[in-house]
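Architecture at a glance
Each chain is listed here by its residues.
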Amino acid sequence: MTASVYVVAEVVRSAPLSPGMVRLTLHSESLRDYPSTRVGDEYVRVHFPQEGGELVLPEIGEDGDWRYPDGRYPHIQPYTLRRFDPEAAEVDIDFVLHGHGRAGSWAAQAVPGDRLLFGPPRSLYEAPGAAARQVFVTDATGLPALGRLLEQLDPATHAVAVVEIADASHRIELTSPARLDVRWVAGRGNGVGPSAITEILRGLDLAPGTYVWVAGESGELRHARRHLRHEVKLPAAWYKVIGYWRHQQEEWLEKYRAIDAGTLAELNGIWDRTEDEEARLDLYEAGLERLGL
């Protein structure tokens, strides 16, 4: 499968994991040779059906870009492949159920035969080989990646996982061949209250030799990354901070789209100013904050 090719997958099973999450199992014969990264947090950009249920397929241009007919551009969101089984030609995708939002609403009502579309995956987790202790902090959106990452750990690893959930009933089983300590923080983050992710990180032992993986709401994670980089002073290779969603995203996007062209060019020009990715992020986030974003 090349980067331009997509998978059209069909729902074959739907299973509730908690009041706040549902798992959809999807089948496609093209998954038998799908280029999975095999890394636990691999994700794909899922293209959802139109409001009426029709899945509009893109055309692939000579440059490999996907093109949709005018006015028929789909709703797209990134989702983790919770399970990949090439022999069965299946993947599992777990959806957080917010009670609103296009993707979650579609998943809550999905039945066998419904289809969606996605392309090749990408993964971000890359713990150094010497990381015998690993810390994972996330909200509910990171649970699918966390679950798969934990299942793939070496038995000699000591893993600590702290998860923010909207309600105590949203806990799900997490297992690992590693020595695993799990803590659940209910009623925080996840759109129901202020996130505690940075606060949680401040209370954890992040001694040298600990790899830290953090996922959740992008605004909160700006503070979390700053803490790890500038207060704890972890080397860049020893942490990964990933924004999975943004609180009040439509309002944020409205502000972003209102930025004048010159200011936007200056902001985006930050990515060309240094080879150091974390330094670029420092500059970019500072620029967003100056703009009230």
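Per chain, the residues get numbers from 1 upward, laid out in the order the sequence is written. The model is predicted, so local features are restricted to residues of pLDDT at least 70 and side-chain atom pairs to those at 80 or more, both for listing and for counting; the totals for chains, interfaces and linings are taken over all residues. Excluding hydrogens and water, the side-chain figures rest on all heavy atoms present in the structure.

**Description of the sheet that holds strand S12 (residues 179-186)**
Remark on secondary structure: sheet strands pair via backbone hydrogen bonds, oriented parallel or antiparallel. For the record, the criterion: For two strands to pair, DSSP has to find at least two bridges joining them. Secondary structure is summarised from DSSP: a helix means a run of H or I of at least four residues, a strand means a run of E of at least two, and numbering begins at the N terminus for each. Helix axes are fitted to C-alpha atoms over the stretch in contact, other axes to C-alpha atoms as well, and angles between N-to-C directions run from 0 to 180 degrees.
The strand order across the open sheet formed by five strands is S12-S11-S10-S13-S14, and the pairing between neighbours is parallel. Here the strands that pair on one side only, and so sit at the sheet edges, are S12 and strand S14 (239-245). If you compare each strand with its neighbour and ignore which way they point, the axes differ by 10° on average. Of the strand pairs in this sheet, strand S10 (residues 133-138) and strand S11 (residues 158-165) are connected by six bridges, and their pairing is parallel.

**As for helix H7 (residues 277-290)**
The criterion, for reference: Every helix has an expected span of 1.5 Å times one less than the residues it contains. Note on exposure labels: buried denotes an accessible area under 20% of the residue type's maximum, exposed denotes more than 50%, and partly exposed covers the range between, all computed with a 1.4 Å probe on protein chains only. Each polar contact in these results corresponds to two N or O atoms within 3.5 Å; when the atoms are within protein, one needs to be able to donate a hydrogen and the other to accept it, and residues that are neighboring in sequence are counted only if both atoms are side-chain atoms.
Its 14 residues place the ends of H7 20 Å apart at the C-alpha level, agreeing with the 20 Å of an ideal helix rising 1.5 Å per residue. When H7 is considered as a whole, its buried residues turn out to be Glu 278, Ala 279, Arg 280, Tyr 284, Glu 285, Gly 287 and Leu 288. The N-cap of H7, judged by a side-chain oxygen 3.0 Å from the amide nitrogen of Glu 278 a few residues on, is Asp 276. Backbone geometry just downstream of H7 places Gly 292 in the positive-phi region, at approximately 75°.

**With respect to the side chain of Ser 36**
Just so we agree on the cut-off: Between two residues, a contact is recorded if the distance between any of their heavy atoms is within 4.5 Å.
Following the sequence through the fold, Ser 36 ends up in the loop between strand S2 (21-27) and strand S3 (43-47). Reaching out from Ser 36, the side chain makes a polar contact with the side chain of Glu 42 at a distance of 2.8 Å. If sequence neighbours within four positions are ignored, Ser 36 has contacts with Glu 42, Phe 84, Pro 121 and Arg 148.

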